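Chain and residue survey
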2 protein chains.
Amino acid sequence: MKLICQLDQNLPLPMYEQLYRYIASQISSGQLTFDCKLPSRRELSSLLSVSESTIKSAYELLEQEGYIRSSQRRGYFVNRLEPLRDIQSSTVTAADELEPPNPLYDFSTSASDASIFPFKLWSKLFREALFHRPELLQRGNPQGEIELRNALSIFLHQYRALNAQPQNIIIGAGADYLLSTLLQMLPKNSIVGAEDPGYHGIYRNCQRLSMQINPIPTDENGISADALYNSDSNICYITPSHQFPLGISMPVGRRRELLRWASEKPNRFIIEDDYDSEFRHFSRPLPALQGLGLPGQVCYIGTFSRSLAPSMRLAYMVLPDSLMHRYKIEMIKSGETVSRFDQQTLARFISEGYYSRHLRRAGNIYARRLRELLSLLLEIPNTHVFGEQAGLHFLLHVPQHGEAELLKRAHKVGIPLHGLSEYYRRLTSPPSTLVLGFAGLKDQDLHGAVKALRTAWQL
Amino acid sequence: MKLICQLDQNLPLPMYEQLYRYIASQISSGQLTFDCKLPSRRELSSLLSVSESTIKSAYELLEQEGYIRSSQRRGYFVNRLEPLRDIQSSTVTAADELEPPNPLYDFSTSASDASIFPFKLWSKLFREALFHRPELLQRGNPQGEIELRNALSIFLHQYRALNAQPQNIIIGAGADYLLSTLLQMLPKNSIVGAEDPGYHGIYRNCQRLSMQINPIPTDENGISADALYNSDSNICYITPSHQFPLGISMPVGRRRELLRWASEKPNRFIIEDDYDSEFRHFSRPLPALQGLGLPGQVCYIGTFSRSLAPSMRLAYMVLPDSLMHRYKIEMIKSGETVSRFDQQTLARFISEGYYSRHLRRAGNIYARRLRELLSLLLEIPNTHVFGEQAGLHFLLHVPQHGEAELLKRAHKVGIPLHGLSEYYRRLTSPPSTLVLGFAGLKDQDLHGAVKALRTAWQL
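Residues numbered from 1 in each chain as written. Chains lettered and ligands numbered in written order. Predicted model: local features only at pLDDT ≥ 70, side-chain atom pairs only at ≥ 80, totals over all residues. Heavy atoms only, no water.

Observations concerning the overall build of chain A
Each helix and strand in chain A was counted, giving 14 helices and 14 strands. Relative to its length of 459 residues, chain A is extended, with a C-alpha radius of gyration of 30 Å against a globular reference of 23 Å. Structurally, chain A occupies a C-alpha span of about 90 × 55 × 50 Å along its principal axes. Burial analysis of chain A (459 residues in total) assigns 60% to the buried set. The contacts in chain A between residues at least 6 apart in sequence include a share of 71% that link residues at least 24 apart. In chain A, the 50 positive side-chain charges and the 46 negative ones have mean positions that sit 3 Å from each other. (Helix = DSSP H or I, 4+ residues; strand = E, 2+ residues; numbered from the N terminus. Rg over C-alpha atoms; globule rule 2.2 N^0.38 Å. Buried < 20%, exposed > 50% of the residue type's maximum accessible area, 1.4 Å probe, protein only. Contact = heavy atoms within 4.5 Å. Lys, Arg positive; Asp, Glu negative; His and termini not counted. Charge placed at Lys NZ, Arg CZ, Asp CG, Glu CD.)

Encoded structure:
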């Protein structure tokens, strides 16, 4: 039995903790065996030149956790421990921690322009919540702060013609989280019909929850109502304001066809994902499908990721009464997922009018940038742009090369891009089309970015 | 056709939007029917006394959305719209929005003492992140900020003897969210064994994900290893540091039995929920089970809800390599759920030593409060306290009344309490036992609270 161990006064661990860990490891590894007697406190104290009270604390801890037992007057003895089978350590290697390098020019569809964010105002509102409302430290309403839901209810009515009562709104840490929550609340054995091409997240979430999902083809007006009727889906997931990725604004006729489909059976629901409806560059925002009627059949999901800050994880959904009922029974106990301080900050940001001002300002900046970018891109011969009416991305058709070649060449010069074919499930993508986001580009970089692409593509 | 509508300059909506909404609603409701011709712009302009450009904007919007079509030189005509079937509006009524009234004395197990929270320091660190790192507005690493994972890795090693590499840590918006994420990553058809009595959340999450869950009885050392062996579970969910709700600290012998169980089949995992291990009042923190060995079989979940602020939704889990591998394939694309600013604030709070100082301070305050509360409660004849060694709750046995009666009488005087029997699934609860949290009580209220209970119980 080796009891000479290194105790180091310079370590952040107290001496008795070091001693405790050492003896525990000796017992665990089998070096100190069952019924072996430990040295008395006095003995070990002089052996290690530490105080008896240090030894006492370590022994007490060991006894408390069951490593050793004390026997009156006889001293301390090692307990019998279940031997641990040697198992090979896992052979799976964790993936690299390497963050992707910063792109030379950022055409991603999820970026945002940091220079537009109202840092000072946000900080002021946040501090006021922090210092004046300490009660916000405690658990809040799992559905979200009532002040935020009230503010959203009014805003959504005014700006998106939504029928959203505060009691039908749920706040959550990102649209993807809310989508997953919603899918778990739908009737058992629901089958989802989703746009093809479409948002990866709906396919990913359904797969994870073992829900069946049918890709439904889209035409020039968005998801095909005929194909939806011919599928066995009872849930229809759509992005009607600005179809992702095609950029189509669904006309009212198709919207009503879908609402009619939903109304025909009680278990049918439409999920309207309005991920970037805040920005329309060449016309007014379209009213949301949710407000057109049948509020009992439409679930609406919105987010502040595109309009305010991608990283703050502020999103919401508006559910019909029947699903709110299920939420209150099944989901509400999970608790809120967004900091109450952030929620209260956002509530004031909206209700005191800052958000609409911010949207106007951001909308102007983005529209100007889009116009300039489009005019530069359209100088490339034979290119064609579509889906640019709204949102923060558009499609660019460049017929001179195959899509893979376009991506490869851009990637080589440090510009990662997405091709349209990535988003197709069953249908074939139109050839040589890129999905370009422009919120993350800097105004002063537009010329350089287009020039770099033209050089890479030799066009 | 009635085209005299009220346009109101004082509304926040622009005039053309009001006109657009009015005409759209007339078409939707069938008042304006298919092929009906709209008045010319000039005509309507003089009829409504608004500018022609207002009419033009409204008509353009209506056309864009497919409500009307323009026919060259002939004017605007109403399109055919899919009729919407009349459906009865949903009869489910949303539950009341009433927040539960503030309790007279707060014995809940999820509260925290707001007076301990370092408001000024937090605000300072938050502002520094906000003003000096605008790049934090963009999407971050879905697994969590690397600075926070580094800080946690070191902290967990020093304070909980955890083997937690930064690349095995995932940050998320609350322990419940992380638990749900983890359950979705476990091998298909996994069966969970969980403590009985135990935390409601594990039962709730399994039910939602349609996973089978077995309640496993507990004895004086925590979950029964024999019963676990006799069940068909391959996942074992436990709270070994301070069993919820019983307050048992699992001795090392039982811990090793469980680790041995886990090692015997490759698909077995232990979920160690360490929800309030930061506070031990009468001894040093026990090291986590995760650090005892077999890091390939143990998933560790921790949270800052109890130790810092319940409302900030800051939690983390440490997964073995094999599950990290699945996470990177299946879950990582969902994105982060905690604001990057909060994550960076917390990272500095930990790595600059503020968190350990905060824990010492909070631990002293809570231990003093606990001692005083216990001494007051034990003056009630025949009462017995257990599970008080650690954490922020303990159990109180009051034999003079039945549990329901104890709860009812306390509730009547404005003190909501929880009974132990709430947490039992299959076993029978020991009679007349209350689960009392003390983090939300104020020091100056202890006498009053105990007095109120004694009066209510006539003891």
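Some details on the packing of helix H11 (residues 340-351) of chain B against helix H12 (residues 354-377) of chain B
All names here are of chain B. At a closest axis distance of 4 Å, the pairing of H11 and H12 adopts a crossing angle of 75°. Relative to H12, H11 is oriented roughly perpendicular. Residues Arg348, Phe349 and Ile350 of H11 form the contact with H12, whose participating residues are Tyr354, Tyr355 and His358. (Axes fitted to C-alpha atoms, helices over the stretch in contact; angles between N-to-C directions. Parallel < 35°, antiparallel > 145°, perpendicular 65-115°, else oblique.)

Concerning the interface of chain B and chain A
Frequently, the measure chosen for interface size is the accessible area that the parts lose on association. Each partner contributes residues to the interface: chain B has 99 residues there, and chain A has 99 residues. Across the chain B-chain A interface, the total number found is zero salt bridges. In this structure, the connection of chain B to chain A is made through 22 residue pairs in polar contact (both at pLDDT 80 or more). Classifying every residue of the side of chain B that touches chain A gives 43 nonpolar, 26 polar and 30 charged. (Salt bridge = Lys/Arg side-chain N within 4 Å of Asp/Glu carboxyl O. Polar contact = N/O pair within 3.5 Å; in protein donor to acceptor, adjacent residues only side chain to side chain. Nonpolar A, V, L, I, M, F, W, Y, C, P; charged D, E, K, R; others polar.)

Some details on the side chain of glutamate 278 of chain B
Mapped onto the elements, glutamate 278 of chain B comes out in the loop between strand S8 (269-273) and strand S9 (298-303). In contact with glutamate 278 of chain B, other than residues within four places in its own chain, are Thr303, Ser307, Tyr355 and Leu359 of chain B.

Quick look at the domain arrangement of chain A
According to the domain assignment, chain A consists of domain 1 (15-78), domain 2 (118-355) and domain 3 (356-457). Placing a centre on the C-alpha atoms of domain 1 of chain A and another on those of domain 3 of chain A gives a separation of 68 Å. (Domains from an automatic or database assignment.)

Concerning the pairing of strand S2 (residues 75-78) of chain B
Residue and element names in this part refer to chain B. Of the pairings in the sheet, the one linking strand S1 (residues 68-71) to S2 comprises four bridges and is antiparallel in character. Across the sheet, the residue bridging to arginine 69 is phenylalanine 77, located in S2. Following S1, the chain reverses through three residues before pairing antiparallel with S2; arginine 73 in that reversal takes a positive phi of roughly 65°. (Pairing = 2+ DSSP bridges.)

Here's the deal with the sheet that holds strand S8 (residues 269-273) of chain A
Residues and elements named next belong to chain A. Judged by pairing direction, the sheet is mixed, and its eight strands sit side by side in the order S3-S10-S9-S8-S7-S4-S5-S6 without closing on themselves. Pairing within the sheet leaves two strands with one partner each, and these edge strands are strand S3 (169-172) and strand S6 (222-223). Judged from the four bridges that link them, S3 and strand S10 (residues 315-318) form a sheet pairing that is antiparallel. From the neighbouring strand, isoleucine 170 faces S10, where its bridge partner is methionine 317. On top of the sheet, helix H9 (residues 252-263) reaches strand S5 (212-219), S6, strand S7 (235-238), S8 and strand S9 (298-303); it is set at about 140° to S8, its chief contact.

Overview of unusual backbone geometry
Residue and element names in this part refer to chain A. Backbone torsion omega between aspartate 196 and proline 197 reads 5°, so that peptide bond is classified as cis. Among the secondary structure elements, proline 197 is positioned in the loop between strand S4 (191-196) and helix H7 (200-208). Located in the positive-phi region is alanine 161, a residue other than glycine, with phi close to 50°. Note on placement: alanine 161 falls in the loop between helix H5 (146-160) and S3. Its relative accessible area of 19% is what places alanine 161 among the buried residues. Despite not being glycine, asparagine 189 has its phi angle at roughly 60°, a positive value. With respect to the helices and strands, the residue asparagine 189 is situated in the loop between helix H6 (175-185) and S4.

Comments concerning the nonpolar core
Core analysis: the largest hydrophobic core is formed by 144 residues, its most contacted members being Phe107, Phe394 and Trp457 of chain A together with Phe107, Phe394 and Trp457 of chain B. Residues in contact with phenylalanine 394 of chain B, not counting those within four places in the same chain, are Leu370, Leu373, Leu374, Leu377, Val385, Phe386, Gly387, Glu388, Leu434, Val435, Leu436 and Phe438 of chain B. By size, the runner-up hydrophobic cluster in this structure holds 60 residues, among which are Met211 and Ile332 of chain A together with Tyr203 and Cys299 of chain B. (Core = buried A, V, L, I, M, F, W, Y, C linked by side-chain atoms within 4.5 Å.)

Overview of the sheet that holds strand S14 (residues 433-437) of chain A
All names here are of chain A. Strand order in the open sheet formed by four strands is S11-S12-S14-S13, and the pairing between neighbours is antiparallel. Every interior strand has two partners, whereas the edge strands, strand S11 (384-386) and strand S13 (418-419), have only one. Sheet strands in contact with helix H12 (residues 354-377) are S11, strand S12 (393-397) and S14, and its direction is about 5° off that of S12.

A short note on the confidence of the model for chain A
Residues shown with low pLDDT carry predicted positions that ought not to be read at fine detail. Residues and elements named next belong to chain A. Here chain A averages 88 in pLDDT, while 93% of its residues score no lower than 70. Note that residues 85-96 has pLDDT below 50 and, in this model, 15 contacts with residues that lie over four places away or in other chains. Both confidence scores are given for the complex: pTM 0.83, ipTM 0.82. (pLDDT = per-residue confidence, 0-100.)

Some words on the pattern of salt bridges
Residues and elements named next belong to chain B. Per the stated rule, a full pass over the model turns up 42 salt bridges over all chains. For arginine 139, the salt bridge identified is with glutamate 336, shortest N-O distance 3.6 Å. Of the two residues, arginine 139 sits in the loop between helix H4 (119-132) and helix H5 (146-160) while glutamate 336 sits in the loop between helix H10 (321-331) and H11, which places them 197 residues apart along the sequence. On the basis of relative accessibility, which here comes to 1%, the residue glutamate 336 falls in the buried class.

A word on H9 of chain A
All names here are of chain A. Here H9 spans 16 Å end to end across 12 residues, near enough to the 16 Å set by a 1.5 Å rise per residue. Of all 12 residues in H9, nine are buried, a share of seventy percent or more. Along H9, the residues that are buried comprise Val252, Arg254, Arg255, Arg256, Leu258, Leu259, Trp261, Ala262 and Ser263. (Expected span 1.5 Å × (residues − 1).)

Considerations on the environment of serine 53 of chain B
All names here are of chain B. Counting through the fold element by element, serine 53 comes out in helix H3 (residues 52-64). Assessed through its relative accessible area of 48%, serine 53 is described here as partly exposed. Distance in space between the C-alpha atoms of serine 53 and arginine 42 is 9.5 Å, their sequence separation being 11 residues. There is a polar contact of 3.1 Å between the side chain of serine 53 and the side chain of serine 51.

Digging into the state of the cysteines
Tallied over the entire structure, the rule returns zero disulfides over all chains. Cysteine 299 of chain A forms no disulfide, and the closest cysteine sulfur to it belongs to cysteine 236 of chain A, at a distance of 11 Å. Just so you know, cysteine 206 of chain B is unpaired, no disulfide at all, and the nearest cysteine sulfur is the one on cysteine 236 of chain B, 12 Å from it. On the basis of relative accessible area, cysteine 206 of chain B is assigned to the buried category, the value being 0%. (Disulfide = S-S within 2.5 Å.)

A look at the packing of aromatic side chains
Per the stated rule, a full pass over the model turns up 41 aromatic pairs over all chains. On the numbers, 6.5 Å between centres and 25° between planes, the contact of tyrosine 199 of chain A with tyrosine 237 of chain A is stacked. Here tyrosine 237 of chain A lies in strand S7 and tyrosine 199 of chain A lies in the loop between S4 and H7, a separation of 38 residues in the sequence. Note on tyrosine 237 of chain A: relative accessible area 1%, which makes it buried. Judged by centre distance (5.7 Å) and plane angle (90°), the rings of phenylalanine 244 of chain B and tyrosine 275 of chain B are edge-to-face. On the criterion of sequence distance, the pair formed by phenylalanine 244 of chain B in the loop between strand S7 (235-238) and helix H9 (252-263) and tyrosine 275 of chain B in the loop between S8 and S9 is long-range, its members being 31 residues apart. (Phe/Tyr/Trp six-rings, centres within 6.5 Å; stacked < 30°, edge-to-face > 60°.)

Describing the relation of the copies chain B and chain A
Once turned by 180° and shifted 0.0 Å along the axis, chain B lies on chain A with an RMSD of 0.1 Å. Both copies are brought into coincidence by an operation consistent with a two-fold rotation axis. (Least-squares fit on C-alpha atoms with pLDDT ≥ 70 in both.)

Thoughts on the side chain of serine 233 of chain B
Residue and element names in this part refer to chain B. Within the secondary structure, serine 233 sits in the loop between helix H8 (225-230) and S7. On the basis of relative accessibility, which here comes to 4%, the residue serine 233 falls in the buried class. There is a polar contact of 3.0 Å between the side chain of serine 233 and the side chain of asparagine 214. Among the polar contacts listed, one links the side chain of serine 233 to the side chain of serine 231, at a separation of 2.7 Å. With sequence-adjacent residues up to four places away left out, serine 233 is seen in contact with Ile191, Val192, Gly193, Asn214, Ile216, Leu228, Trp261 and Arg268.

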